[in-house]
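Architecture and fold: a report
What follows is the residue order along each chain.
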Amino acid sequence: MTSITIPFPDDWHVHLRDGAMLDAVVGYTARRFRYAMVMPNVVPPITSVADAAAYRDRILGSAPSDAVDFRPVMALYCSDAIDLADLRTGIADGVVAAVKYYPAGATTNSEAGGTSLLAFRELFDVLADTGTRLLVHAESTDPSIDIFDREAAFLDNQLAPLCEAMPELLVTVEHVSTRAGVEFVAAHPHVAATVTPHHLARERSDLLADGMRPDLYCKPVINSSEDQAALVEAVTTGDPAFMMGTDSAPHPTTAKYGPKAKAGVFNAAYGLEVVADVFDQHDALSQLGAFVSGNGCAIYGVEAPEHTLELSKETMDKDLAAELSTSAGDSVVLFGTEEASRWTVR
Ligand SMILES: [Zn+2]
């Protein structure tokens, strides 16, 4: 039996939503992860320190009491609504851990986002001054660019000029999805990246070849097998610039399976098993702890966790849930049941 003990993981990119959905999903993250970088694209977006503190209180209020060491950390939503003095205060007080940039219209609740990274130069000066990371959804919204090329286009046209203008700015490319993204991170010493379980474990044929799979539809879209291989190589070789960010993003099945599927994969439940399975397939379980814990701790300057988790690959009869229900009557499909059937987490 294959078994490995890893430091208690952190999730550096997660959507916890609000209200009934928050209540239904927060336990999955709170029981499996320590730090959780909570994305601010709720409605309305989190753009002030008061909003961030109130949202963190709602999250902690909804979290189960048996969570081991759950520590949600908050990002503000990059927009003109952010007051720079308020941002400085939030950073100094430890309420704001990062600022997240969304290109307007790129993904769920991104309508309030920006049209040009360089337009936020003054805000980014505050981040550079304080050593605070800018989190970037790196995806062009130019409809003339092929959807599978949009990450590379954004990196070339938007993020490269910003990194050149502000080489000291600390940047995280979120949910990196392509070989171009991996190469961009390698070429920029102040740029790190989160990688999702689904971009590591699936490629676009899984999404499209056997009928369109709304449960695998996310932004940026799952890309080619070539791109998947580049991501797997980056994480399984222990590259310290890459860390786990699940991008767990619940949507009600009614919104996923309608005519215009919402982008997002809910993987807080089984993402860890999915990632363990990828590392095991590449004989790289010894690097799993770095990816789910050590690299992120170094990138975000936080201490190593006190607790550990044990993952065992064993075939057991399990009653695995395939979806969850909210108190509002919605259901959400859980990603990774196949991998979760092969692994046990203790
Ligand atoms: Zn996200």
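Everything that follows concerns the structure shown earlier in this document.
Figured I'd write up the structure that's included with this text. (Residues numbered from 1 in each chain as written. Predicted model: local features only at pLDDT ≥ 70, side-chain atom pairs only at ≥ 80, totals over all residues. Heavy atoms only, no water.)

Some remarks on the overall build of the chain
Counting its secondary structure elements, the chain contains 13 helices and 13 strands. Taking 2.2 N^0.38 as the reference for a compact globule, 346 residues should give roughly 20 Å; the C-alpha atoms of the chain span a radius of gyration of 19 Å, in line with that estimate. Viewed in the frame of its principal axes, the chain has a C-alpha envelope of about 55 × 40 × 40 Å. Each of the 346 residues in the chain was classed as buried or not, and the buried ones make up 59%. Contacts in the chain between residues far apart in sequence, at least 24 positions, make up 73% of those at least 6 positions apart. Split by element, the accessible area of the chain, about 13500 Å² in all, is 48% carbon and sulfur. One way to put it: in the chain the 24 positive side-chain charges average out to a point 3 Å from where the 49 negative ones average out. (Helix = DSSP H or I, 4+ residues; strand = E, 2+ residues; numbered from the N terminus. Rg over C-alpha atoms; globule rule 2.2 N^0.38 Å. Buried < 20%, exposed > 50% of the residue type's maximum accessible area, 1.4 Å probe, protein only. Contact = heavy atoms within 4.5 Å. Areas by Shrake-Rupley, 256 points an atom, 1.4 Å probe, with all protein chains shown as cover. Lys, Arg positive; Asp, Glu negative; His and termini not counted. Charge placed at Lys NZ, Arg CZ, Asp CG, Glu CD.)

Considering the coordination of the zinc ion
With distances of 2.1 Å, the protein atoms coordinating the zinc ion are His13 (NE2), His15 (NE2) and Asp247 (OD). Between consecutive donors of the zinc ion, the numbers of intervening residues give the motif H-x1-H-x231-D. Residue His13 is found in strand β2 (residues 11-14), and its partner Asp247 is found in the loop between β9 (242-244) and α10 (253-256); the two are separated by 234 residues along the sequence. You can call His13 buried: its relative accessible area is 1%. (Donors = N, O, S within 2.8 Å, 3.2 Å for Na, K, Ca; no water.)

Regarding the sheet that holds strand β7 (residues 171-173)
The pairing of strands in a sheet happens through backbone hydrogen bonds and is either parallel or antiparallel. In space, the eight strands of this open sheet follow the order β2-β3-β4-β5-β6-β7-β8-β9, with parallel pairing throughout. Both outer strands of the open sheet, β2 and β9, are each paired with one neighbouring strand and no more. Averaged over all adjacent pairs, the angle separating strand axes in this sheet is 30°, with direction ignored. Sheet analysis places strand β3 (residues 35-38) next to strand β4 (residues 71-77), joined by four bridges and oriented parallel. Paired with Tyr35 across the two strands is Arg71, which belongs to β4. (Pairing = 2+ DSSP bridges. Axes fitted to C-alpha atoms, helices over the stretch in contact; angles between N-to-C directions.)

Structural notes on the sheet that holds strand β1 (residues 2-7)
Ordered by their spatial adjacency, three strands build an open sheet running β1-β10-β13, and the pairing between neighbours is antiparallel. Two strands lie at the open edges of the sheet, namely β1 and β13 (343-345), each paired on one side alone. On average, each strand axis in the sheet is tilted by 20° relative to the strand beside it, whichever way the strands run. Summarising the sheet, strand β10 (residues 308-313) and β13 pair through three bridges and their orientation is antiparallel. By the bridge assignment for β13, Lys313 is matched with Trp343.

Here we look at the side chain of Thr246
Residue placement: Thr246 occurs in the loop between β9 and α10. Polar contacts involving the side chain of Thr246 include one to the main-chain amide nitrogen of Ser248, which spans 3.0 Å. Aside from chain neighbours lying at most four places away, what touches Thr246 is Asp11, His13, Val14, Phe33, Thr196, Pro197, His198 and Asn267. (Polar contact = N/O pair within 3.5 Å; in protein donor to acceptor, adjacent residues only side chain to side chain.)

Structural notes on the packing of helix α11 (residues 271-281) against helix α12 (residues 288-300)
The geometry of α11 relative to α12 is characterised by a closest axis approach of 9 Å and an angle of 135° between their N-to-C directions. One way to sum up the angle between α11 and α12 is to call them oblique. In this structure, α11 uses Leu272, Val275, Ala276 and Phe279 to contact α12, whose residues at the interface are Leu288, Phe291 and Val292. Here the residues of the contact of α11 with α12 are counted per class, giving seven nonpolar, no polar and no charged. (Parallel < 35°, antiparallel > 145°, perpendicular 65-115°, else oblique. Nonpolar A, V, L, I, M, F, W, Y, C, P; charged D, E, K, R; others polar.)

Overview of the state of the cysteines
The final tally for this structure, using the stated rule, is zero disulfides. The thiol sulfur of Cys163 is not disulfide-bonded, and the nearest other cysteine sulfur, from Cys78, lies at 14 Å. With a relative accessible area of 11%, Cys163 lands in the buried category. (Disulfide = S-S within 2.5 Å.)

Topic: unusual backbone geometry
A cis geometry characterises the amide bond from Val43 onward to Pro44, with omega recorded as -5°. Mapped onto the fold, Pro44 is located in the loop between β3 and α2 (49-62). In this model, Lys219 is joined to Pro220 through a cis peptide bond whose omega is -10°. Counting through the fold element by element, Pro220 comes out in the loop between α8 (204-208) and α9 (225-236).

Shape descriptors only; they carry no functional weight alone.
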